[in-house]
Amino acid sequence: MKSAIKSFVLTLALIGFGCDSLRAQESERKVTLDQVPAAIKAGLEKTVGSGKLIDIGEISSGGKVTYEIELQLDGKEIDVIFDAKGAELSREIEEDVDAEDADAEETDEEDEADEKLSVQFQHFFDLEHREFSTTGRNRYFVLEPGYQLVLEGKDGTHAARLEITVLDETKELGGIQTRVVEERETVDGKLVEVSRNFFAICKNTGSVFYFGEEVDIYKDGKIVEHEGAWLHGQDKAQAGLAMPGECLIGAAYYQENAPGKALDRARIESVSATLKTPAGEFTNCLKVWEENPLDHDSETKTFAPNIGLVQDEGLLLVKQGFIKK
C-alpha cells in the first residue's frame, strides 16, 4: 500500500513538474505592427477596420506562436487572438469604453476632437531588438543622402518655405548610428529656424525612427533659442516612430518621447488620400493627424508614395528630388 501511495505522489510531482516546464516555456513580449507577419497584418486590417489598435503581444508556447491584439472597436475594448497564419482563434469583449450619453448633444467637430483625445498612443517600440541602418526608404519616407523636399505656402498671411534635405552626415545617439536630416524654415524670405533631425530605419521592417533634433531659432539673423531640442538617451528621452513601415488606419504612436521637451504624436487617418500640389497630383497618399500635447497644437500632414511629405498644413510640395553635389 505504501508503495502505491509513493507511486501516486511521484506521479503528481511529475505532472506538476511538467506543468511548470510548460509554463516556463511560455513567453510573451510586446511587438509593434511592423514586426508581425504579413498574415497577421492582413487579419488585423480585416478585424480592426475603423477601430483603434492599442497593443500587440506575441506569445510563444510549446513551439507555437500566437498573437494577442488589444483594440477598441464599436465602443468596446476587445482582445483578439490570432494564430501564426492570421486565423482568428478567439475574441473577448472586456468592457464598454464608450458608453452613450442620451443627453449629450455634440457637433461633428466635438465628436472628432473627443475621438482623437481618447486614442491610446503607442510609446513602446522594442528598439533593443532592432537592427538599424542610416540609409534606406519605405513607402512614404526617403532616407537617402542628397534627397530634398521643398514646400511653400502660407503661414497665416506670410509667405513660408520649408526645405528638407537628407545630409551626407551621421550622428551616434545611445549607441545607434543615425542619419542627419536638415530642415530650414523661412518666413517672408527671412530664416526663422534650422533643425538637424536624427533618423534611422529598421532593416527588417522598414519603419523609420526619430532619435531627436538640434534646433536653432532665429530672429533678425541671430540665434535666440533652441526650443524643442532633444536627444535620444538624454534626460530620459527615447526615440519615437517617425514613419511606420506598415501603415494601418487608426494606428497611433509617439513620434517624440522627451518628457517636458517634445512629445509629438500622430494618428493615421487615411492611406488613400488624393492631393494636388504645384509639383503634381498625388494619389494613394498617407494622411496623418499630429498633435503636440505640450501646447495643444495639432495639424495634418500628407505623404505621397515614393516621395514623402507633400503637405504640411498650408505648405505644399513645389519640388523634390536629389540635389547635385
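Above this note sits the structure.
Bringing the overall build of the protein into the picture now. Assigned secondary structure in the protein consists of three helices and 23 strands. Looking at the protein residue by residue over its 325 residues, the buried ones come to 44%. Restricting to contacts in the protein with at least 6 residues of sequence separation, those with at least 24 account for 46%. Put simply, the protein shows about 18,000 Å² of open surface, and 49% of that area lies on carbon and sulfur atoms.

Two faces make up the sheet, and in a regular strand the side chains alternate between them. Across eight bridges, strand β9 (residues 147–155) lies against strand β10 (residues 158–173) in antiparallel orientation. Bridged to Lys154 within β10 is Ala159. Counting the residues between successive antiparallel strands, the hairpin from β9 to β10 contains two residues, one of them, Gly156, with a positive phi of roughly 70°. The antiparallel pairing of β10 with strand β11 (residues 176–187) creates a hairpin that spans two residues between the two strands, and Gly174 there sits at a positive phi of about 60°.

By the secondary structure assignment, Lys287 is in strand β20 (residues 280–292). Lys287 sits in the partly exposed class, given a relative accessible area of 33%. For Lys287, the residues in contact, after removing those within four places along its chain, are Arg267, Ile268, Glu269, Ser270, Ala273, Thr300, Lys301 and Thr302.

Turning our attention to the nonpolar core. Among the nonpolar cores identified, the biggest contains 69 residues, and Ile56 and Phe211 are the most heavily contacted of them. Sequence-distant contacts of Phe211, that is, excluding residues within four places in its chain, are made with Phe132, Leu173, Ile176, Thr178, Phe198, Phe199, Ala200, Trp230, Leu231, His232 and Ala239. Phe121, Ala252, Leu263 and Trp289 belong to the second-largest nonpolar core, a separate cluster that totals five residues.

Glancing now at the environment of Glu246. Looking at where Glu246 falls in the secondary structure, it is placed in the loop between β16 (238–243) and β17 (252–254). The class for Glu246 is partly exposed, based on a relative accessible area of 35%. C-alpha separation for the pair Glu246 and Val36, spaced 210 residues apart in sequence, amounts to 10.0 Å. Those residues in contact with Glu246 that lie beyond four places of it in its chain are Leu33 and Lys41.

Let us now look at the packing of aromatic side chains. Aromatic rings considered in pairs are described by the distance between their centres and by the relative angle of their planes. All told, the structure shown has eight aromatic pairs when counted by the stated rule. Both rings, one in Phe132 and one in Phe209, keep their centres 5.8 Å apart while their planes meet at 85°; by these two values the pair is edge-to-face. In this pair, Phe132 sits in strand β6 (residues 132–133) while Phe209 sits in strand β13 (residues 208–219), placing the two residues 77 residues apart along the sequence. Its relative accessible area of 16% is what places Phe132 among the buried residues. Phe209 gets classed as buried once you look at its relative accessible area, which sits at 0%.

Turning our eyes to something else, we now look at the pattern of salt bridges. Two side chains that carry opposite charge are able to pair once their charged atoms sit near each other. Evaluation of the coordinates by the stated rule reveals 15 salt bridges. The salt bridge involving Arg91 is made with Glu88; its shortest N-O contact spans 3.0 Å. Classification of Glu88 by relative accessible area gives partly exposed; the value is 37%. With a closest N to O distance of 3.1 Å, Glu169 and Arg196 form a salt bridge. With Glu169 in strand β10 and Arg196 in strand β12 (residues 190–202), this pair connects stretches of sequence that are 27 residues apart. Residue classification places Arg196 among the partly exposed residues on the basis of a relative accessible area of 27%.

A few words on empty space enclosed by the protein. One pass over the structure, following the stated rule, counts one cavity of 30 Å³ or more. Taken together, Leu33, Lys41, Glu45, Glu246, Cys247 and Leu248 make up the full set of residues lining the largest cavity. For the lining of the largest cavity, the per-class residue count stands at three nonpolar, no polar and three charged.

A word on the pairing of strand β14 (residues 222–225). Judged from the three bridges that link them, β13 and β14 form a sheet pairing that is antiparallel. Bridged to Tyr218 within β14 is Ile223. Hairpin geometry of β13 and β14 is characterised by an intervening segment of two residues between the two adjacent antiparallel strands and by a positive phi of about 55° at Asp220.

Moving on: unusual backbone geometry. As a rule of thumb, non-glycine residues mostly have phi less than zero, and peptide bonds are mostly trans rather than cis. Positioned with a positive phi, Asp126 is a non-glycine residue whose angle comes to about 50°. Within the secondary structure, Asp126 is located in the loop between α3 (108–117) and β6. Of note in this structure, Asp220 is not a glycine but carries a positive phi near 55°. Within the secondary structure, Asp220 is located in the loop between β13 and β14. Classification of Asp220 as exposed rests on a relative accessible area of 70%.

Rules of the game
Residues numbered from 1 in each chain as written. Predicted model: local features only at pLDDT ≥ 70, side-chain atom pairs only at ≥ 80, totals over all residues. Heavy atoms only, no water. Helix = DSSP H or I, 4+ residues; strand = E, 2+ residues; numbered from the N terminus. Buried < 20%, exposed > 50% of the residue type's maximum accessible area, 1.4 Å probe, protein only. Contact = heavy atoms within 4.5 Å. Areas by Shrake-Rupley, 256 points an atom, 1.4 Å probe, with all protein chains shown as cover. Pairing = 2+ DSSP bridges. Core = buried A, V, L, I, M, F, W, Y, C linked by side-chain atoms within 4.5 Å. Phe/Tyr/Trp six-rings, centres within 6.5 Å; stacked < 30°, edge-to-face > 60°. Salt bridge = Lys/Arg side-chain N within 4 Å of Asp/Glu carboxyl O. 1 Å grid on protein atoms, 1.4 Å probe; cavity = no way out; pocket = protein on both sides within 12 Å on 5 of 7 lines; lining within 4 Å. Points joined across faces, edges and corners; volume = space filled by probe spheres on them. Nonpolar A, V, L, I, M, F, W, Y, C, P; charged D, E, K, R; others polar.

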